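Summary of the model geometry
What follows is each chain in one-letter form.
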Amino acid sequence: DELKKVPKPVRDVKKAEQLVEKGFGTLEVTVISAERLMAADRGGTSDPYVELVVGGKKMGKTATQKKTLNPKWGEVFVLEVPQKAVSLEVLVHDSDLVGSAFLGMACVNLDDLPSGKDVIRSYNLQPRSVKDKNPISGTIRLLCNYLTHAPVGLQMPKVDKTAMDAR
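The sections below set out a description of the structure shown in this document. (Residues numbered from 1 in each chain as written. Predicted model: local features only at pLDDT ≥ 70, side-chain atom pairs only at ≥ 80, totals over all residues. Heavy atoms only, no water.)

Notes on the pattern of salt bridges
- Across all of its chains, the model carries three salt bridges by this definition.
- Linking Lys-15 and Glu-80 is a salt bridge whose minimum nitrogen-to-oxygen distance equals 3.1 Å. Of this pair, Lys-15 sits in helix α2 (residues 13–21) while Glu-80 sits in strand β4 (residues 72–82), and the two are 65 residues apart along the sequence.
- Linking Arg-36 and Glu-35 is a salt bridge whose minimum nitrogen-to-oxygen distance equals 3.6 Å. (Salt bridge = Lys/Arg side-chain N within 4 Å of Asp/Glu carboxyl O. Helix = DSSP H or I, 4+ residues; strand = E, 2+ residues; numbered from the N terminus.)

In structure tokens, the structure reads:
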């Protein structure tokens with residue numbers, strides 16, 4: 001089962017409850033991998049990384065994977081997001097010595113995520129706008145868990161750190 005292999009954070013239920021009282025949810029995102037990205041470098045590869053954006057605010061960034069069109073990250077982010085937030089923007093870039101090149105983006109509609117459930121999905125990368133003429137290809141795979149409420153006494157699973165290190 002793929003879900004068992006994906007790294008997840010140790011969930012802090014008490015903190016999630018406090019955040020809910022303040023009008024925030026806890027969005028856990030594991031950036032698993034991407035496939036079939038556009039080649040942005042001369043050698044026919046890219047040096048991709050991912051930025052996570054909510055409400056126009058950058059909330060996370062993965063490490064850069066060198067010379068690949070099929071990167072694997074397995075990086076976990078725990079984001080405190082306003083409950084009125086509508087979507088998570090997942091931006092994929094190619095890292096260059098000077099700046100970066102846009103490879104595509106995906107939007108995760110937070111209303112589509114059931115509260116407190118792990119959901120693994122692949123999203124097709126899209127251009128920033130219909131005016132963007134650069135070719136875009138590929139998909140990004142994410143595990144998301146959006147805690148918009150934390151029932152009292154809920155026991156969240158703990159991550160086996162040794163299993164993650166063995167990967």
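Structural notes on the sheet that holds strand β2 (residues 48–54)
- The four strands lie next to each other as β3-β2-β5-β6, forming an open sheet whose pairing is antiparallel. Lying at the two open borders of the sheet, with one neighbouring strand each, are β3 (57–61) and β6 (100–109). With direction set aside, neighbouring strand axes in the sheet form an average angle of 30°.
- In terms of strand pairing, β2 meets β3 through four bridges, oriented antiparallel. (Pairing = 2+ DSSP bridges. Axes fitted to C-alpha atoms, helices over the stretch in contact; angles between N-to-C directions.)

Some words on the sheet that holds strand β7 (residues 119–124)
- Pairing is antiparallel across the open sheet formed by four strands, whose spatial order is β4-β1-β8-β7. Each edge of the open sheet is held by one strand with a lone partner, namely β4 and β7. Neighbour to neighbour, the strand axes of the sheet diverge by 25° on average, direction disregarded.
- In terms of strand pairing, strand β1 (residues 24–35) meets β4 through nine bridges, oriented antiparallel. Residue pairing in the sheet places Ser-33 in a bridge with Lys-72 of β4.
- Where α2 meets the sheet, its contacts fall on β1, β4 and β8 (139–147), and the angle it forms with β1 comes to roughly 115°. (Contact = heavy atoms within 4.5 Å.)

Some points on the pairing of β6
- Bridge count for strand β5 (residues 87–95) against β6 is nine bridges, and the pairing is antiparallel. By the bridge assignment, Asp-94 is partnered in β6 with Ala-101.
- Counting the residues that bridge the hairpin from β5 to β6 gives four residues, and of these Gly-99 lies at a positive phi of roughly 80°.

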